[in-house]
Structure formats: structure tokens, C-alpha cells
Amino acid sequence: MARLTPAAAPWRALVLALAALYFLLPLAASVVFTVDVPGRGLNLDAYTRILGTEGFLPSLLLSLGLSAATIALVLLLMVPAMVALRLGAPRLRPVVEVVCSLPLVVPPIAFVAGIGTVLKWGPEHLSRTPLFQTFVAVQDPGFPFVLVLAYTVMALPFVYRALDAGLRALDVRTLVEAARSCGASLPGALLRAVLPNLRGALLNAAFLTLALVLGEFTTAQLLGFRPFAVWIVNISGSQAQMSVAVSVMSLLVTWLLLLALAGFGRRRTPSPTTDRK
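**Student:** I'd love a proper account of the environment of Phe 145, names of residues and values included.
**Tutor:** When you line up the elements, Phe 145 lands in helix α7 (residues 145-168). Remark: the alpha-carbon pair of Phe 145 and Ala 69, spanning 76 residues in sequence, is separated by 8.7 Å.

Printed below as a string of C-alpha cells:
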């Protein structure tokens, strides 16, 4: 590994210090805002009252349920597609990459406007068909599956990049052929030989999708649903300190999950010395 020259070390320290200030200063200001009550000094009521606040648990559980469903759906779609590209259609990889990157190009407002138009068109034109109940079911406020579909599309760029990085590190064809030569079927080869080696990529994709769903506001708000991010914004007008406290706690939990994921990935990655032994 190349070492930094003595002249470059101060510049690295300066860049790291500026980055730390850029990320930690707003977080520190937010924490001070939540605990500093004018005339009373430090007070932790903004944190102790979170669990008892109306709508906190229902909105959080809804977002976690939407996250789990989105993760399952997007991985179920993308993992077989990515493996199939590696095995049988590598020339289609640029096409799939462009399609998966489209959600980054389409503005969220236009995306939500399109979803809303479809949801209005369906009941008006399909009221006498069995599909009418489908349009009603996907908009159930208890669990709006239409948000799962929207979040799946929005998560495609991140999931694609995570899985693509994991598959680039593997010789998928050799793994599958070795498993098939040992008597495994094609699905069995994918489950027993490919997926265990994609554990890190799958965890990265799942974590990115979880962070996306927990923090997404525009789509849910414009479609009239109230998951966790919408709940935080709604209470910010009447309980500003609590909304900031919840945001700080969410950010800290996200960081802890990221650190845990990084540690889990390091423990699972064998070292070259271990491989030689």
C-alpha cells in the first residue's frame, strides 16, 4: 500500500477536519436545539416524550413494514436478473444499467404525478372489472402497497450498484458450473453457491433501501399517506424540538446500522492468509 509523503499528511488532516465539521456541526447544533430550553437550561423532555407521542409508533411500524416489503421485492426482482445477465446475456448489461438509473433522472414530483394519474384512471375506467378491487387494495392506508411499488422503483439505482459491485468480485459462471457438476440444480446452485458469496452486496442493498424508505417524504406526502418521515414533518409545526430529536435519533440509528454492517462485512470477508492456509 502506498504511503503518504510527509508533505501530504497535513493536507489529509485538514480535509478530514473540514469533512468532520461539515457533517458534525449541523448534528451538534440540532442536539443543542433539542436539549436547550430557554429559561430552564438543559432538558431531555424532547427525547423522553417521543414514545408517548401520538402517531409515533404507528408511523414507525408502517415505515418498517414498507421497508421490509420493499427490500424483499427489489431483491427478488434484481438478484435473478443480475445473475441472468452474468450467465446468459452480458450484452444486455448496459440496457439494464440505463433502465435502473432512470429513477435518478426523473424528478420525484413527475414520478408521483404519474402514479397519481394512474391511480385516478384505474377506478374511473375499471370500475366494472375485477381490477377495481386491486386499485382499492393497493391504496389501503393501513399498508399502502402502492408505496412499496414506488419505493422499489426508486431503490433500483442503489440496489443495482450494490449487486453489480458484488457480482464483479465473483466468477459467477465458474461457481454455477462447479455446483452443477456436483449434482445441484440451477436454482440450487444459485442458492447454495452464488447467494452466500453475495452476502455483503445483499446487505448493502438492503441497508440502502431501508435508509431510502425511512427518509422518503415526497411520494408518501403527495399520495396522502403518513409513514415515519411524513409524521416527523407534520409534528414539526407544533413540536419542533421533538421532531428534530426524532430526526437526530433516526440519523444516529442509521449510522449505527452502517457501522454494524461494515463490521459484519469485515468479519465475513476471509483474509488472503486464511485462504492460503
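**Student:** Could you give an account of the pattern of salt bridges, with specific residues and numbers?
**Tutor:** According to the stated counting rule, one finds five salt bridges in the structure shown. One salt bridge in this structure joins Arg 161 and Glu 97, with 2.8 Å as the shortest N-O distance. Here Arg 161 is found in helix α7, whereas its partner Glu 97 is found in helix α4 (residues 93-105), with 64 residues between them in sequence. Ionic pairing is found between Arg 168 and Asp 164, a salt bridge with its closest N-O pair at 2.9 Å. Highlighted residues: Arg 168 and Asp 164, both in helix α7, separated by four residues, approximately one helical turn. Taking the relative accessible area as the measure of exposure, Arg 168 reaches 53% and is therefore exposed. Residues joined by salt bridges that share partners form a network here, namely Arg 86, Arg 93, Glu 97, Arg 161, Asp 164 and Arg 168.

**Student:** Describe a nonpolar patch on the surface, listing the residues and the values that go with them.
**Tutor:** Taken together, the side chains of Leu 92, Val 95, Val 98, Val 99, Leu 102, Leu 104, Val 105, Val 106, Phe 158 and Leu 208 define a hydrophobic patch exposed on the protein surface, amounting to about 880 Å² of accessible area. With six residues, α4 is the largest single contributor of residues to the nonpolar patch. With respect to the element layout, Val 95 can be found in helix α4.

**Student:** Report on the packing of helix α5 (residues 108-125) against α7, specifying residues and quantitative values.
**Tutor:** Axis separation between α5 and α7 bottoms out at 12 Å; the angle between their running directions is 145 degrees. In terms of crossing hand, the pair formed by α5 and α7 is right-handed. Packed against α5, whose contacting residues are Phe 111, Ile 115 and Leu 119, the element α7 presents Val 146, Ala 150, Val 153 and Met 154 at the interface. For the contact of α5 with α7, a count of residues per class yields seven nonpolar, no polar and no charged.

**Student:** I'd like a description of empty space enclosed by the protein, backed by residues and values.
**Tutor:** Applying the stated criterion across every chain yields a total of one cavity of 30 Å³ or more. For the largest cavity, the full set of lining residues is Phe 207, Leu 210, Ala 211, Leu 214, Thr 254 and Leu 257. Those elements that provide at least two residues to the lining of the largest cavity are α10 (199-215) and α13 (240-268). The leading source of residues in the lining of the largest cavity is α10, at four residues. For the lining of the largest cavity, the class distribution of residues is five nonpolar, one polar and no charged.

**Student:** Give a detailed account of the nonpolar core, specifying residues and quantitative values.
**Tutor:** In terms of nonpolar packing, the biggest core is built from 48 residues, with Leu 75, Met 78, Val 159 and Leu 163 touching the most fellow members. Those elements giving two or more residues to this core turn out to be α3 (56-87), α5, α7, α8 (172-181), α9 (186-194), α10 and α11 (218-223). A total of 13 residues in this core trace back to one element, the largest contributor, which is α7. Aside from chain neighbours lying at most four places away, what touches Val 159 is Val 74, Leu 75, Met 78, Ala 205 and Thr 209. The next biggest cluster of nonpolar side chains, apart from the first, holds 10 residues, and it includes Ile 50, Ile 232, Ala 245 and Val 246.

**Student:** Report on the layout of surface pockets, specifying residues and quantitative values.
**Tutor:** The volume enclosed by the largest pocket comes to roughly 480 Å³. Taken together, 22 residues form the lining of the largest pocket, with Phe 228, Ile 232, Val 246, Ser 250 and Leu 251 sitting closest to its centre. Broken down by secondary-structure element, the contributors of at least two residues to the lining of the largest pocket are α2 (45-48), α3, α10, α12 (228-235) and α13. Take the lining of the largest pocket: its biggest share by element is eight residues, from α13. Its residues placed into classes, the lining of the largest pocket shows 17 nonpolar, five polar and no charged.

**Student:** Hey, could you go over the packing of aromatic side chains for me, with residue numbers and the actual values?
**Tutor:** The full count for this structure, using the stated rule, is four aromatic pairs. A ring pair is formed by Tyr 22 and Phe 23, whose centres lie 5.2 Å apart and whose planes are at 90 degrees; its orientation type is edge-to-face. Ring pairs connect the aromatic residues Phe 56, Phe 228 and Trp 231, which therefore count as one cluster.

**Student:** Describe the side chain of Thr 70, naming the residues involved and giving the relevant values.
**Tutor:** Within the fold, Thr 70 resides in helix α3. Not counting chain neighbours up to four residues away, the residues in contact with Thr 70 comprise Val 148, Tyr 151, Thr 152, Thr 209 and Val 213.

**Student:** If you had to explain α9 to someone new, which residues and values would you point to?
**Tutor:** Buried residues of α9: Gly 188, Ala 189, Ala 193 and Val 194, and no others. Buried residues of α9, seen end-on, are gathered within an arc of 165 degrees and therefore sit on one face of the element. The exposed set on the far side of α9, more than 90 degrees from its buried face, consists of Pro 187 and Leu 191. In this structure, the buried residues of α9 make contact with α3 and α8.

Conventions used here
Residues numbered from 1 in each chain as written. Predicted model: local features only at pLDDT ≥ 70, side-chain atom pairs only at ≥ 80, totals over all residues. Heavy atoms only, no water. Helix = DSSP H or I, 4+ residues; strand = E, 2+ residues; numbered from the N terminus. Salt bridge = Lys/Arg side-chain N within 4 Å of Asp/Glu carboxyl O. Buried < 20%, exposed > 50% of the residue type's maximum accessible area, 1.4 Å probe, protein only. Patch = residues over 30% accessible without salt bridge, like charges linked within 9 Å, V, L, I, M, F, W, Y side chains within 5 Å. Areas by Shrake-Rupley, 256 points an atom, 1.4 Å probe, with all protein chains shown as cover. Axes fitted to C-alpha atoms, helices over the stretch in contact; angles between N-to-C directions. Left-handed = near helix turned anticlockwise from the far one by under 90°. Contact = heavy atoms within 4.5 Å. Nonpolar A, V, L, I, M, F, W, Y, C, P; charged D, E, K, R; others polar. 1 Å grid on protein atoms, 1.4 Å probe; cavity = no way out; pocket = protein on both sides within 12 Å on 5 of 7 lines; lining within 4 Å. Points joined across faces, edges and corners; volume = space filled by probe spheres on them. Core = buried A, V, L, I, M, F, W, Y, C linked by side-chain atoms within 4.5 Å. Phe/Tyr/Trp six-rings, centres within 6.5 Å; stacked < 30°, edge-to-face > 60°. Arc of directions from axis to C-beta.

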